[in-house]
Structures are given as C-alpha cells and as structure tokens.
Amino acid sequence: MNRRNSRKVKVRDIYVGGDAPITIQSMTNVRTSNVNEVLAQMNELHKAGCEIIRCAVLDMNDAEALKEITEKSPMPVVADIHFDYKLALKAIENGVSALRINPGNIGGIDRITKVAEACKAKNIPIRIGVNSGSVEKDILKKYGKPTAEGLVESALRNVKILEDLDFFDIVISIKSSNVQMMIEAYRLIADKCDYPLHLGVTESGTVFKGTIKSSVGIGTLLAEGIGDTIRVSLTSDPVEEIKVASEILKSLGLKKSGVEFVSCPTCGRTQINLIKIAEEVEKKLENCKKQIKVAVMGCVVNGPGEAREADIGIAGGRGEGIIFRKGEIVRKVKEDQLIDALMEEIEKL
C-alpha cells in the first residue's frame, strides 16, 4: 500500500511520519506523581511493544515527577496537558520528548508563545489532540453537533496558532468514539495538510468492543495509507492496547517482528479440543520474538494444505495430530503432546 506523504517529526530517538515505521503508543493510567508505579508500568508496556508513552499532567506535582520519569523511561515520554501553560513549561524543563496540548485552551497568545519557544529550543514536537468532546463552542454551533468537518476545522485552527508562531514540529490527532466520524475526519485532514497523523478511536470501550472498533477505524485508515502512529484506547490494562495495536499492524503487513498466529474456526471435522489448544499456543507465543507464522488447524486432511504458507503448525485428528512445516508433515503425536511438540519445533526454527 502507498503511504500518505507526511513530514517527519522526531520524538527523542524515534521518528514519526515520512518513511518511518508506524509506531505504537499508549498512556499510563496511574497518577504521574507516583513515580515508581509509572516506571513499572512503562517498563511492562515497553516489553509488550509500546514505543511512545504518554502521561497525564494534572498539577505541578505531576510535572515535577517527570524529571525522574523521563530520565528512567525506556521510551520517549509525552506530557498530556490541558489549560495550564505553566505545567507545559515545567514538563519541557523536566525532559519530556513531546507535548500533547491544544494551544487554544492554554491561554492567550503570550502563553502559547512561551510554550512554542520552549519546545523549539529543545526540538520538542507538539501533538494537537482534538476529539469530538473538545470541539470549540463556535464550531459546534456552526455544525449543530460534533462532525468530521468540525473536528478538522478545530484541529487546523489550533495548527494555525502554532504556524503563526513559526512552529511546525506538529503531529495531529482528531479522534472520535464514532468510528465512521473518525474515519471521515482523518480522510479529510489527510488531504489538507502534510503533518503526521496519530490515529485512534477514543473511548472505544472494553477489550472486546474496543478491539473491534479500533481495528475497524485504525485498520481502515492504515489500509488506505493514512496514519503514522497509533493508539488503541481500551478500558483495560494498557498492555492489552499494545497487543491489539501490534496485531492490527501485523494484519496489514506493517509490522514484521514477532509471531503471526493463525487458527481455523473449527467445524464438524474437528476431533480435538482445538479452541483450548489454540488459546494455549497463542498464550505461549506472546513473548516470542521470532518472525514466523504459526498455524493451529483442526483437520489433518486440510490443515497442512490450508496453512501451507505457515512456517510451522499443527493439525488435529482423533486423539492425535501432526506437526507440519511449510505444508510438509514432520511428525505425528498424541493430542496431549501436541502443544509441547509444537513448541519444540518452534525452538528449532
């Protein structure tokens, strides 16, 4: 697929936009002033595959805590700030790699200028984050309700504030909990500017529903070449966000690292406990870094043929199964030995 042409922005040691790989982001969900908890969560998220992390900065205690957090974080830290420009200045002073603000809600032009100048001095980009719940009142009045057009107008209004200050190190996000609105808004803004775009469906819900909404919204845009960095927003452990985001990228061929896992949906031919086996195999492969495709199939007759492109896989029969590699049978084992035998063969790859 052809990626949209966008300018490249540097977030500490990671590039966003241009020809840079699409990055995965998340956000800590504990108070930023609780430094040890924040760092523990950051390390867990980084291990899962998170590449950029955002922290909410609610008060000066949070802003001060960023000094230690940014020094010890395994990845770039973005400070999420609303209304108080002094928090932004302190976050910049304390080493954050980027800011997430809306310039229009942190005060007059003198305050915005101070933030922009501080960011420019340290090469810190600003992500302008607009969502359907934060659109300005006059824009809401103009369109009568939150709309894709209104989201884009709000984002570009905030962009212009920074551009007028000769600041162009900008990333844009225009999220909505309405998937269709989100898709339409990103399509519109993709044609109106060349800034990198941060994709996400805001307030998407719990793991089940949120995964579906995020996969549809983010996946649709990525398939069209739109998007430079993503966050899957789930009401759950943030690690789940990273898992879903990684699978979205893998499904579109946009991320090559780690295991691609496939399994058949079961049918009347299945004579082993395929669902249990597939779930156990998927769990065991969570932290596997090998770039391989693993298949778990329910039928010995069709399994190896249907999953011929898999590097390694299993297919079940009555109380037993086969291990196959690139469609060729390697060995036959009892059903209760299938998982261990598969993991042994994966170790050999």
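The numbers attached to residues start from 1 for each chain and follow its sequence in the written order. In keeping with the predicted nature of the model, local features appear solely for residues at pLDDT of at least 70, side-chain atom pairs appear and are counted solely at 80 or more, and the whole-chain, interface and lining totals rest on all residues. With hydrogens and water stripped out, all remaining heavy atoms of the structure feed into the side-chain values.

Undergrad: Describe helix α12 (residues 338-348), and please don't skip the residues or the numbers.
TA: Owing to its 3.6 residues per turn, the α-helix brings residues three or four apart onto one side. When α12 is considered as a whole, its buried residues turn out to be L338, I339, A341, L342, M343, E345 and I346. By the convention used here, residues are in contact when the closest approach between their heavy atoms is within 4.5 Å. Elements are defined by DSSP. Helices are runs of H or I of four residues or more, strands are runs of E of two residues or more, and each kind is numbered from the N terminus. Lining the buried residues of α12 we find α10 (274-284), β12 (293-297), β13 (312-316), β14 (320-325) and β15 (328-334). Throughout, exposure labels follow a simple rule: accessible area from a 1.4 Å probe, protein chains only, divided by the maximum for the residue type, with under 20% read as buried, over 50% as exposed, and the rest as partly exposed.

Undergrad: Describe the environment of V333, and please don't skip the residues or the numbers.
TA: By the secondary structure assignment, V333 is in strand β15. Taking the C-alpha atoms as reference, V333 lies 65 Å from Y85; in sequence the two are 248 residues apart. Apart from the residues lying within four places of it in its own chain, the contact partners of V333 are E320, G321, L338 and A341.

Undergrad: If you had to explain helix α7 (residues 179-190) to someone new, which residues and values would you point to?
TA: For α7, built from 12 residues, the straight-helix expectation of 16 Å at 1.5 Å per residue is met to within 8% by its first-to-last C-alpha distance of 16 Å. Along α7, the positions that sit buried rather than exposed are V179, M181, M182, I183, A185, Y186, I189 and A190. Against the buried residues of α7 lie α6 (148-163), β8 (170-175), β9 (198-199) and α8 (207-223). Here, expected helix span is obtained from the residue count minus one, scaled by 1.5 Å.

Undergrad: Mind laying out the sheet that holds β14, listing which residues take part and the relevant values?
TA: Between any two strands, at least two bridges found by DSSP are needed for them to pair. A sheet is described by the order of its strands in space; here 5 strands give the open sequence β11-β12-β13-β14-β15, paired in mixed fashion. Sheet topology places β11 (260-263) and β15 at the edges, where each strand pairs with a single neighbour. In this sheet, adjacent strand axes meet at a mean angle of 15° when their direction is disregarded. Alignment of β11 against β12, held across 4 bridges, turns out to be parallel. Bridge pairing in β12 links F261 to V294. The sheet strands contacting α10 are β11, β12 and β13, and the helix crosses β12 at an angle near 160°. All axes here are fitted lines through C-alpha atoms, helices being fitted over the stretch that makes contact, and every angle between N-to-C directions spans 0 to 180 degrees.

Undergrad: Describe in detail a nonpolar patch on the surface, supporting the description with residues and values.
TA: Residues F208, I212 and V216 make up a contiguous nonpolar surface patch of roughly 310 Å² in combined accessible area. Relative to the helices and strands, I212 is located in helix α8. Patch membership needs two things, relative accessible area over 30% and no salt bridge, and members are linked within 9 Å if like-charged or within 5 Å if nonpolar (Val, Leu, Ile, Met, Phe, Trp, Tyr). The accessible surface values rely on the Shrake-Rupley method and a 1.4 Å probe; as for residues, cover is taken only from the protein chains in view. We count a salt bridge whenever a side-chain nitrogen from Lys or Arg sits within 4 Å of a carboxyl oxygen from Asp or Glu.

Undergrad: With reference to specific residues and values, describe the state of the cysteines.
TA: By convention in this document, the label disulfide applies to cysteine sulfur atom pairs within 2.5 Å. All chains considered together, the criterion is met by 0 disulfides. Unpaired in terms of disulfides, C50 finds its nearest cysteine sulfur in C55, a separation of 10 Å. The buried category is assigned to C50, whose relative accessible area is 2%. For the unlinked cysteine C119, the closest cysteine sulfur is that of C55, found at 16 Å. The exposure class assigned to C119 is buried, which follows from its relative accessible area of 0%.

Undergrad: Kindly report on the pairing of β13, identifying the contributing residues and their values.
TA: Taken across its 5 residues, β13 has 5 buried, putting it largely inside the fold. Here β13 shows a buried face lined by I312, I314 and G316 and a second buried face lined by G313 and A315. Bridge analysis of β13 against β14 gives 4 bridges, and the strand direction is antiparallel. The residue of β14 that forms the bridge with G313 is F324.

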